[in-house]
Amino acid sequence: AGRGVQELARFGFVEQAQAAVEYFLAHKNFGDHWGRLIDRPVAEDFELDGNTHILNGIAETWRASGRDKELGTRYMDACREVFDWMESCMDSCPVGDLIPCQSELAGNPCGDGVVYAIYPNYGAVIAMRNFAALAQTCELFEDAEHLHGLAFRLMDGILSALVSRGEEGRTRTPAGVWLNG
């Protein structure tokens, strides 16, 4: 859904993108973030990549709306708890500063547990950077600084845990190749 909103905004369908964003903001059905199926009152599982696409769709909608400070501030206020959730996941990650995933793109479509995968974690880095830019433009300097630092921390976690070290690592995958889960 978030990816579709990005395209709506990019192709100039700003009113439709804004309507979808309003729906997203009113339906965080996993508490402080979105569940896998956004139209359910309570989600049973979540997709990190789905959350990152929604966040990036919101940021793209803000850009397409003329980078309005009031709108950006409202979007930041509504999404701050999603980034707080991401940070709490990073704080408790047993393998470094990563965010857990439950999704097909993480290689875990039906599993009961979580994995730590490159695609959704990198999407989170992009969302953090997009919202850091939004916050900076809207003069929410503490948010901008915090999100910039969080993106840097997550990228460091990705490079530390999800890039093969080759023979000296835990895999036979050649050194420098990104690992998924």
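A few points on the structure.

Thresholds applied
Starting from 1, residues in each chain are numbered consecutively following that chain's sequence as written. Restriction of local features to residues with pLDDT of at least 70 applies here, the model being predicted, together with a cutoff of 80 or more for giving and counting side-chain atom pairs; totals for whole chains, interfaces and linings are based on all residues. With hydrogens and water excluded, all non-hydrogen atoms of the structure serve as input to the side-chain values. Secondary structure follows DSSP: runs of H or I at least 4 residues long count as helices, runs of E at least 2 residues long count as strands, and numbering of each begins at the N terminus. Expected helix span is computed as 1.5 Å times (number of residues minus one). Exposure is judged per residue with a 1.4 Å probe applied to protein chains only, and the accessible area is read against the type maximum: over 50% gives exposed, under 20% gives buried, and values in between give partly exposed. Think of it as the arc spanned by the lines of direction from the helix axis to the C-beta atoms. Residues count as neighbours in contact if any of their non-hydrogen atoms are within 4.5 Å of one another. Residue types Ala, Val, Leu, Ile, Met, Phe, Trp, Tyr and Cys, when buried and joined through side-chain atoms within 4.5 Å, form a set referred to as a nonpolar core. Between Lys or Arg on one side and Asp or Glu on the other, a salt bridge is scored when a side-chain nitrogen of the former is within 4 Å of a carboxyl oxygen of the latter.

### Notes on helix H2 (residues 14-26)
- The end-to-end C-alpha distance of H2 is 18 Å, a good match for the 18 Å that 13 residues give at a rise of 1.5 Å each.
- For H2, the full list of buried residues reads Val14, Ala17, Ala20, Val21, Phe24 and Leu25. When H2 is viewed along its axis, its buried side chains cluster within an angular range of 140° and face the same direction. Residues of H2 that are exposed and point more than 90 degrees away from the buried face comprise Glu15 and Ala26.
- In the core, the buried residues of H2 are packed alongside helix H1 (2-10), helix H3 (48-64) and helix H4 (69-92).

### Let's talk about the nonpolar core
- Ranked by internal contacts, the top residues of the largest apolar core, which has 51 residues, are Trp34, Phe83, Met86, Ile99, Met128 and Phe131.
- Where this core is concerned, the elements lending two or more residues are H1, H2, H3, H4, helix H5 (118-137) and helix H6 (141-161).
- For this core, the element with the highest residue contribution is H4, accounting for 10 residues.
- In this structure, Phe131 is in contact with Leu55, Ile58, Ala59, Tyr75, Met76, Cys79, Phe83 and Leu147, ignoring residues within four places of it in sequence.

### Points about the pattern of salt bridges
- Within the structure shown, the criterion is met by 12 salt bridges.
- As a salt-bridge pair, Glu139 and Lys69 come within 3.1 Å of each other at their nearest N and O atoms. One end of the pair, Glu139, is in the loop between H5 and H6; the other, Lys69, is in helix H4, with 70 residues separating them in the sequence.
- In this structure Glu139 comes out as partly exposed when scored by relative accessible area, which is 48%.
- Ionic contacts of the salt-bridge type, sharing partners, join the residues Arg3, Glu7, Arg10, Glu60 and Arg63 into one network.

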